[in-house]
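# Examination of the molecular architecture
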2 protein chains.
Amino acid sequence: MPPTRTTPARRGRPGYDLESLLSVAVKVFNERGYEATSMEDLSRKLGITKSAIYHHVASKDELLRIAVDRALDGLFEAAAETTVMSGKAIDRLEFLVRRSVHVLVDRLPFVTLLLRVRGNTKAERAALARRREFDRLVTELVLQAEAEGDIRPDVDPAVTARLLFGLVNSLTEWYRPRGGMGADALADAVCKIAFDGLRQPAGD
Amino acid sequence: MPPTRTTPARRGRPGYDLESLLSVAVKVFNERGYEATSMEDLSRKLGITKSAIYHHVASKDELLRIAVDRALDGLFEAAAETTVMSGKAIDRLEFLVRRSVHVLVDRLPFVTLLLRVRGNTKAERAALARRREFDRLVTELVLQAEAEGDIRPDVDPAVTARLLFGLVNSLTEWYRPRGGMGADALADAVCKIAFDGLRQPAGD
């Protein structure tokens, strides 16, 4: 039976495995835009033929799917952990924010690509659907924390959830791991601002 | 003397003025990506010839420049107001955040386009330079507010400035004026979360 072209883990010819192909493709997608990048562009950038790329993936859209799933899988693993944690919802929410910052730092190109997905192709629409599912999980935690009296009730919980992860996601716009602050320090800064605000409390 | 092609305010043929051309172009850029959109695509979308587009603008890059300047001009007008205000830096910073939310709501497609600019063309690089200048003004306000004891000193001021405007900019990802909350309510929510945090203070 011939191997199918849709198995992401399949290894390619010597010299280029799926991992390095993916890494270059994601870099080009982020620089030039996914829509604007053709398989021809990727082949030139990689210095291999298009058929060598098709040896690994069936299409440009499959490359996108594998790439954004790297980001989404990390986020959903973090969300899954919060469901088995005990404790207050606000603490689980803070845990999820911290873990999401770590996912973002560890998988920055993949998360950056995910956040730029527009929904023009099948893989893009699947990614948007998973993002909405993640947003729903965050909103549930916010609702629960508000019911427990730990989150300010004067902002709509769905808006709070969106602002909170808007803040996390905005890190992709400027954060660069090399030479920058570490993931823990970044997560601390995000949590301080998001949970307690940038204002110095009176009397401190 | 023939009219030059670089005058943005110049009116075109009956049926399509620069304003409606710009509005359609920005919509297409935001949906498909600036790089991925050709003048041919715009001409098809508008139902006019390419030369009718060139009647208004010299190039695709000029369209981009005019569009992102709509966003940037609004932000710089707001920043200019803070320089003539009296009062504490933290209040001027909050004013700037509120005004920026209003600019974003009023000029959403232009701000969205601005935030997706990558720097591949002359107009894109000019936009990025203006964005950096705006970030510098925000960081100065944060530094001043911290020196006045009004901003928590345990987060680096440049990071605080980036998180704050990262939060504002993230609104473009989900906020839709039609049917959504108004600009004032949105600005309130952003300022509550950013300045005072989402946590309900103990004892409230």
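Definitions and limits used
- Residues numbered from 1 in each chain as written.
- Chains lettered and ligands numbered in written order.
- Predicted model: local features only at pLDDT ≥ 70, side-chain atom pairs only at ≥ 80, totals over all residues.
- Heavy atoms only, no water.
- Helix = DSSP H or I, 4+ residues; strand = E, 2+ residues; numbered from the N terminus.
- Buried < 20%, exposed > 50% of the residue type's maximum accessible area, 1.4 Å probe, protein only.
- Least-squares fit on C-alpha atoms with pLDDT ≥ 70 in both.
- Contact = heavy atoms within 4.5 Å.
- Polar contact = N/O pair within 3.5 Å; in protein donor to acceptor, adjacent residues only side chain to side chain.
- Domains from an automatic or database assignment.
- Buried area = accessible area lost by both parts, 1.4 Å probe.
- Salt bridge = Lys/Arg side-chain N within 4 Å of Asp/Glu carboxyl O.
- Nonpolar A, V, L, I, M, F, W, Y, C, P; charged D, E, K, R; others polar.
- UniProt positions renumbered as here; feature names shortened; annotations may be inferred.
- Axes fitted to C-alpha atoms, helices over the stretch in contact; angles between N-to-C directions.
- Parallel < 35°, antiparallel > 145°, perpendicular 65-115°, else oblique.
- Phe/Tyr/Trp six-rings, centres within 6.5 Å; stacked < 30°, edge-to-face > 60°.

The name that an unreviewed UniProt entry assigns to chain A is AcrR family transcriptional regulator, with the source organism given as Nonomuraea muscovyensis.

Moving on, we get to the overall build of chain A. Counting secondary structure elements, chain A contains nine helices and zero strands. In sequence order, the secondary structure elements of chain A are arranged as α-α-α-α-α-α-α-α-α. A principal-axis box enclosing the C-alpha atoms of chain A has dimensions of 65 × 40 × 30 Å. Within chain A, buried positions represent 49% of all 204 residues.

Screw-axis analysis of chain A against chain B gives a translation of 0.0 Å along the axis, an RMSD of 0.0 Å, and a rotation angle of 180°. Those values place the two copies in the arrangement expected of a two-fold rotation axis. By residue overlap, the copies meet face to face through one surface: 100% of the interface positions of chain A are interface positions in chain B.

All names here are of chain A. Within the secondary structure, Ser-100 sits in helix 5 (residues 89–106). Within polar-contact distance, the side chain of Ser-100 engages the backbone oxygen of Leu-96 at 2.7 Å. Apart from the residues within four sequence positions on either side, Ser-100 is in contact with Leu-75, Phe-134, Phe-165 and Val-168.

Let us now look at the domain arrangement of chain A. One frequently used descriptor of interface size is the decrease in accessible area upon assembly of the parts. Residue and element names in this part refer to chain A. Taken domain by domain, chain A consists of domain 1 (1–58) and domain 2 (68–196). The C-alpha centroid of domain 2 is placed 29 Å from the C-alpha centroid of domain 1. On the domain 2 side, the residues contacting the seven residues of domain 1 number ten residues. Taking both partners together, domain 1 and domain 2 bury about 750 Å²; carbon and sulfur atoms supply 51% of that area. When residues of domain 1 are sorted by the area they lose upon contact with domain 2, Val-26, Asn-30 and Glu-35 head the list and together hold 59% of the total. On the surface where domain 1 and domain 2 come into contact, there are two salt bridges. Glu-19 is the partner of Arg-70 in a salt bridge, and the nearest nitrogen-oxygen pair spans 2.6 Å. At the junction of domain 1 with domain 2, the criterion picks out six residue pairs in polar contact (both at pLDDT 80 or more). Of the residues contributing to the side of domain 1 that touches domain 2, the split by class is four nonpolar, one polar and two charged.

A separate point is the UniProt feature "DNA-binding region" (unreviewed entry) in chain A. Per the UniProt record, the feature "DNA-binding region" (unreviewed entry) sits at residues 38–57 of chain A. Counted over residues 38–57 of chain A, helix gives 65% and strand 0%. Its end C-alpha atoms are 14 Å apart.

Attention now moves to the packing of helix 1 (residues 18–32) of chain B against helix 4 (residues 60–84) of chain B. All names here are of chain B. With their axes 10 Å apart at the nearest point, helix 1 and helix 4 run at an angle of 95° to one another. Between helix 1 and helix 4, the interaxial angle falls into the category roughly perpendicular. Residues Leu-18, Glu-19, Leu-21, Leu-22, Ala-25, Val-26 and Phe-29 of helix 1 pack against Lys-60, Leu-63, Leu-64, Ile-66, Ala-67 and Arg-70 of helix 4. Classifying every residue of the contact of helix 1 with helix 4 gives ten nonpolar, no polar and three charged.

Inspection of the entire model under this criterion finds 42 salt bridges over all chains. The salt bridge involving Arg-44 of chain A is made with Asp-41 of chain A; its shortest N-O contact spans 2.8 Å. Of this pair, Arg-44 of chain A and Asp-41 of chain A both sit in helix 2 (residues 39–46), three residues apart, which is roughly one turn of that helix. Of the charged contacts, one joins Arg-136 of chain B and Glu-133 of chain B as a salt bridge, the two residues approaching to 3.0 Å between their closest N and O atoms. Taken together, the positions of Arg-136 of chain B and Glu-133 of chain B, both in helix 7 (residues 122–147) and three residues apart, correspond to about one turn of that helix. Taking the relative accessible area as the measure of exposure, Glu-133 of chain B reaches 31% and is therefore partly exposed.

Moving on to the packing of aromatic side chains. Residue and element names in this part refer to chain A. Following the criterion strictly, the structure yields eight aromatic pairs over all chains and no others. Both rings, one in Phe-134 and one in Phe-165, keep their centres 5.3 Å apart while their planes meet at 80°; by these two values the pair is edge-to-face. One end of the pair, Phe-134, is in helix 7 (residues 122–147); the other, Phe-165, is in helix 8 (residues 157–170), and 31 residues separate them in sequence. Put simply, the rings of Phe-76, Phe-134 and Phe-165 touch in pairs and so form one group of aromatic residues.

All right, on to the environment of Ala-129 of chain A then. Relative to the helices and strands, Ala-129 of chain A resides in helix 7. Linking Ala-129 of chain A and Gly-119 of chain A, residues ten residues apart in sequence, is a C-alpha distance of 9.5 Å.

This paragraph deals with the interface of chain A and chain B. Listed per partner, the contact involves 43 residues of chain A and 43 residues of chain B. Buried area between chain A and chain B, summed over both chains or domains, comes out near 3900 Å², and the portion from carbon and sulfur atoms is 60%. When the shortest N-O distance is used, the salt bridge between Glu-94 of chain B and Arg-199 of chain A registers 3.4 Å. Viewed at the interface, chain B and chain A are joined by 24 residue pairs in polar contact (both at pLDDT 80 or more). Taken together, the elements giving at least two residues each to the side of chain A that touches chain B come down to helix 1 (18–32), helix 5, helix 6 (108–116), helix 8 and helix 9 (183–196) of chain A. Ranked by residue count, the leading element in the side of chain A that touches chain B is helix 8 of chain A, at eight residues. Of the residues belonging to the side of chain A that touches chain B, the class tally is 20 nonpolar, nine polar and 14 charged.

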